[in-house]
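Structural overview
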Amino acid sequence: MPDAPPPTSTVIRPAVSSDLDALVDVLWAVAAEGRWLGAEVPFDREERRRRFADMLSSAAAELLVADAQSADTADIVGFISVQVAGYGVADIGMAILESWRGRGTGRALLASAIEWAARAGAHKVALEVWPDNGPAIGLYRSAGFVEEGRKVAHYRRRDGQLWDSLLMGRPLRPDGRR
Ligand SMILES: CC(C)(COP(=O)(O)OP(=O)(O)OC[C@H]1O[C@@H](n2cnc3c(N)ncnc32)[C@H](O)[C@@H]1OP(=O)(O)O)[C@@H](O)C(=O)NCCC(=O)NCCS
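Residues numbered from 1 in each chain as written. Predicted model: local features only at pLDDT ≥ 70, side-chain atom pairs only at ≥ 80, totals over all residues. Heavy atoms only, no water.

1. A closer look at the packing of helix H1 (residues 20-32) against helix H2 (residues 45-57)
- Closest axis-to-axis distance for the H1/H2 pair is 9 Å, and the angle between their directions is 120°. With respect to H2, the element H1 is oriented oblique. Considering how the two elements wind past one another, H1 and H2 form a crossing that is right-handed. Contacts between H1 and H2 involve Leu20, Asp21, Leu23, Val24, Asp25, Leu27 and Trp28 from the first element and Arg45, Arg48, Arg49, Phe52, Ala53 and Leu56 from the second.
- Broken down by class, the residue content of the contact of H1 with H2 amounts to 8 nonpolar, no polar and 5 charged. (Axes fitted to C-alpha atoms, helices over the stretch in contact; angles between N-to-C directions. Helix = DSSP H or I, 4+ residues; strand = E, 2+ residues; numbered from the N terminus. Parallel < 35°, antiparallel > 145°, perpendicular 65-115°, else oblique. Left-handed = near helix turned anticlockwise from the far one by under 90°. Contact = heavy atoms within 4.5 Å. Nonpolar A, V, L, I, M, F, W, Y, C, P; charged D, E, K, R; others polar.)

Next up, the structure:
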């Protein structure tokens, strides 16, 4: 029988503990690009794994993965994390492997995360993004986020540069619907 063609679409689902190593791998690969995330490589893989594991066991957090499922095997190509603070704002972070971008996976992950945040009772979703991250800003704007401010020369990178970040937010409906 010929080999099955490689998957071209992903399923969005909650992460499970067997995804933890793959999640750290995705974070590492995207951080290694050096221009999109706060995380920089090398980072402490065990510490990151623990942080992801904490999200799995927290009622105030959700970790969703984009799974390209080659045959029956999970194949994590992206994720989004959502954490609701005590004051009701859900903070979001996301990353997708470079080879999987531009196929609607980011939009699907973000929509699922917003739905989860609304169901969890958050009144708003919020995030920070580097001002030159055009793809992410485009995605967030198209999902209803607006720019609320800017942290100036705030984040020190390992090479000593000080980077700005944009603050973006999107209110959720008071009845908990998107
Ligand atoms: C940002 C990111 C999550 C987007 O995911 P994606 O799967 O590539 O995005 P999608 O294919 O779902 O595209 C959704 C929308 O994002 C925007 N977008 C995506 N790629 C873009 C690009 N290269 N340039 C401009 N806008 C882009 C568009 O608005 C697009 O909608 P459209 O296709 O109707 O035009 C992905 O590029 C990524 O993981 N980047 C590296 C990590 C990162 O930047 N994380 C966010 C840190 S704040």
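Moving on from the coordinates now.
2. Brief notes about the nonpolar core
- Within the largest apolar cluster, 32 residues are counted, with the highest numbers of intra-cluster contacts made by Ile92, Leu110, Tyr140 and Phe145.
- The set of elements that each furnish at least two residues to this core consists of strand S2 (61-67), strand S3 (76-84), strand S4 (89-96), helix H3 (105-119), strand S5 (124-129), helix H4 (134-142) and strand S7 (162-171).
- Counting residues per element, this core draws most heavily on H3, at 7 residues.
- Not counting the four nearest positions on each side in its chain, isoleucine 92 is found in contact with Ile80, Ser81, Val82, Leu110, Ala113, Val125, Ala126, Leu127 and Phe145. (Core = buried A, V, L, I, M, F, W, Y, C linked by side-chain atoms within 4.5 Å. Buried < 20%, exposed > 50% of the residue type's maximum accessible area, 1.4 Å probe, protein only.)

3. Concerning H4
- Within the sequence span of H4, burial applies to Ala136, Ile137, Leu139 and Tyr140. Down the axis of H4, the buried set is contained in an arc of 160°. They therefore lie on one face. Across H4 from its buried face, at more than 90 degrees, point the exposed residues Pro135 and Arg141.
- Looking at the packing, one finds that the buried side of H4 touches S4, H3, S5, strand S6 (146-156) and S7.
- Two residues or fewer past H4, glycine 144 is found with a positive phi of approximately 95°. (Arc of directions from axis to C-beta.)

4. Some thoughts on the pairing of S5
- Pairing of S4 with S5, which is carried by 3 bridges, proceeds in the parallel orientation. Counted as the bridge partner of aspartate 91 is alanine 126 from S5.
- Handedness of the crossover is the feature at issue here: the chain leaves S4, passes through H3, returns alongside S5, and the resulting connection is right-handed.
- In this sheet, S7 lies alongside S5 in antiparallel orientation, the contact comprising 6 bridges. Within S7, the residue paired with valine 125 across the bridge is arginine 170. (Pairing = 2+ DSSP bridges. Right-handed = clockwise from strand over helix to strand, strands pointing away.)

Functional significance is not addressed by these values, which are geometric in nature.
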